[in-house]
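# Descriptive analysis of the structure
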Amino acid sequence: MTVATAIVRPFTQAVGKLSAVHRLAPWLLVYLLLLPLPYVLSGLFNDYYVYLANRICIFILLTVGLNIVKGFCGQVTIGHVGLYAIGAVSSALVSLHLGAPFWVSFPIGVLVAGVAGIIVGLPSVRLEGAYLALATLGLGESVRIMIAVTPLFGSSTGLIGIPTPEIGGFVFDSFERYYYLLITATMIGIYLSFSILRSATGRAFMAIREDTIAASVHGINVPQYKLLAFVISALYAGAAGALFAHMPPGYIHHNNFTIIEMVTLLLMVVLGGIGHIWGGVIGAIIVTIIYDQTLEFYFYQPLLFGLSMVILVMFMPRGIGGVIDRYFVTRRFIGAREGKTDGAP
Amino acid sequence: MDFDFSSLFAFILFGLTIGVVYGIVALGISLIYSGLDIVHFAHGEIYMFGAFFGLVFSEQVGVPYPLALLSAMICAGVLGIVIERVFYRRLTRAGGGYTVAGMGMIICGFGMSVVLQNIAFLIWGADAEPFHVDLGEPYQFGDISLPKSYALTAVMALFLMAALHFFLVRTKLGLAVRAVAHNKDIAFLMGINVPLMISLIFGLACALAAAAGTLIGPMQSVQVEMGYLMLMKAFAAAVVGGFGSLPGAIVGGLLVGIFENLGAAYISPSHKDIYAFLLLILVLMIKPSGLFGVEARVKA
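Residues numbered from 1 in each chain as written. Chains lettered and ligands numbered in written order. Predicted model: local features only at pLDDT ≥ 70, side-chain atom pairs only at ≥ 80, totals over all residues. Heavy atoms only, no water.

### A short note on the domain arrangement of chain A
Residues and elements named next belong to chain A. When the domains of chain A are assigned, the result is domain 1 (37-257) and domain 2 (267-345). With centres defined by C-alpha atoms, the gap from domain 1 to domain 2 works out at 22 Å. Contacts between the two partners involve 18 residues from domain 1 and, on the opposite side, 17 residues from domain 2. Approximately 1500 Å² of surface area, both sides summed, lies buried where domain 1 meets domain 2, with 78% of it carried by carbon and sulfur atoms. Where domain 1 touches domain 2, the interface holds zero salt bridges. The interface formed by domain 1 and domain 2 holds one residue pair in polar contact (both at pLDDT 80 or more) in total. Counting residues per element, the ones that place at least two in the side of domain 1 that touches domain 2 are α4 (47-72) and α8 (175-198). With 14 residues, the single largest contributor to the side of domain 1 that touches domain 2 is α4. (Domains from an automatic or database assignment. Contact = heavy atoms within 4.5 Å. Buried area = accessible area lost by both parts, 1.4 Å probe. Salt bridge = Lys/Arg side-chain N within 4 Å of Asp/Glu carboxyl O. Polar contact = N/O pair within 3.5 Å; in protein donor to acceptor, adjacent residues only side chain to side chain. Helix = DSSP H or I, 4+ residues; strand = E, 2+ residues; numbered from the N terminus.)

### So, the interface of chain B and chain A
Counting from both sides, the interface comprises 43 residues of chain B and, opposite them, 46 residues of chain A. Between chain B and chain A lies a buried interface of about 4200 Å² when both sides are counted; carbon and sulfur atoms form 81% of it. Taken together, chain B and chain A are joined by one residue pair in polar contact (both at pLDDT 80 or more). At 14 residues, the largest contribution of residues to the side of chain B that touches chain A is made by helix α4 (residues 100-124) of chain B. For the side of chain B that touches chain A, the per-class residue count stands at 34 nonpolar, five polar and four charged. (Nonpolar A, V, L, I, M, F, W, Y, C, P; charged D, E, K, R; others polar.)

### Thoughts on the pattern of salt bridges
Residues and elements named next belong to chain A. Throughout the structure, instances matching the rule amount to three salt bridges over all chains. The salt bridge partner of E141 is R144, with a shortest N-O separation of 3.1 Å. In this pair, E141 and R144 both sit in helix α7 (residues 129-149), three residues apart, roughly one turn of the helix. Among the salt bridges present, the one from E210 reaches R209, with a minimum N-O distance of 3.1 Å.

### Some words on the packing of α4(A) against helix α11 (residues 222-245) of chain A
All names here are of chain A. α11 packs onto α4 with a crossing angle of 170° between their chain directions and a minimal axis gap of 8 Å. Here α4 is positioned roughly antiparallel relative to α11, judged by the angle of their axes. Within the contact between the two elements, α4 uses I58, L61, L62, V64, G65, I68 and V69 and α11 uses A229, F230, I232, S233, Y236, A237, A240, L243 and F244. Here the residues of the contact of α4 with α11 sort into 14 nonpolar, two polar and no charged. (Axes fitted to C-alpha atoms, helices over the stretch in contact; angles between N-to-C directions. Parallel < 35°, antiparallel > 145°, perpendicular 65-115°, else oblique.)

This is the structure we're talking about:
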């Protein structure tokens, strides 16, 4: 613990000092530090790792979104991949068939996913727990089957040649260039998620998670906030989907949205700790890298992922986020006992 | 094109037979739900394992079909008890329902379903295996011919339901199971071995799923990915009938089977698998308690 303290304390102090300048300052610094990552990666390894970084960004967006509805609001949803698919397909269709540029099709994709989020969220007004899980799983799987059997949505061939975005002559046509778009979206996504968590809306979500009846007694419009949580998380999923669809190969297929993607997504959230934003981000990074490094054991992957999910739920129900929280809470108490309040943010 | 009543009748008949199978799986899910307050997301995979057990017993061991059915049920029951003892016990002890532990149980079952599917894939491969059972000439109803395996399925399903009903209502062990389903603490005070009863519930539910798998084997082929869709349809059946209600599960299964077959016949066959979900979502939105269910527990 002392080693960890020695590493973490200067970091937290630096973050504290930066936040004192402006609350966005640490975010900007991290963003600027992460921007040249593709050059480091392609210099040290090769382009494939840049692609991996892109995938991680997309999954971070998805995890952060899922955490809002699942972690903050406590609604069990398993159909998140369906929303991701809706975002991807609608954005791709708008740009393929209407010839709209990315900057038009992206918001449309996000909005369509948001509307779909209302539909997925509607059962949550009347259902809880297992019922809700069933309803969302049914909706998510219906979306995939719809895509798989409808020619317009690119049934078995998938949608090919989705144009890559460009801004003033700068075309995001390689993984390195697309990374700038993704890291920007991801940083904004994480920051917004923190803002939501700290706002009255986020506190209402958490009140619903802790005790629905008590929340409604305290004047929180429970159905409205549940729906809002679903819509926000659907917007995240739609953004991730649209960004995925326009990524340079410009190709989506219904096999990108199967149950295995859902399992990976769930594993990320569970590993990171349900309801912990940084935990979710770390979970997304770890799981994507492990998923990628074990590609040669393709046939054993579901076994590995499923088993680690089961064991995590059994023995480490709060995930990595729980470990982080415990560390900071311990630090805070030690600090309070020593009569000073540094360290913990 | 005038309306063809005999083909409508045929669709309903096939819908009924497949619906009975949905009903059996839904029965298991309902049993677990009413007993433990948890939804078992790996039940589809137990069903798939049951089908493979039946296949192995009837093709490789070479026992007659009814015996293969029985053996598959026993094997899957044991498998279910082992899974429950090893993995779920820690979570069910913490209390199921709608707590955080309930969410853990959903995730855990989900993970377990992936694990079981992968294990089956590693053992039996991804190919669809035909399940040959020679039962003789199909029955003839006018110009509809009904294969005997369908008839056998319906009869077996009715028998299993009757047996389960008899067990739960007429025997002392069944009374204990119902007591545990009603209230575990009071059942414990009455001297009932609650953990054993929970294992029994799990074993029974898994045996039912295996029976469904072995029964459906001769109609369709047996393959690794069959569990997932069946799970969804059985869930739909259980919800339509009312979650936790045993007669409701059967009626729900029949409804889902008929709905799906009619939809495939008159709307679009390629969307066949969506109709069950549509029915599920419709029922969840309009009447979450289902046809026979007690009030769905919705807080606030």
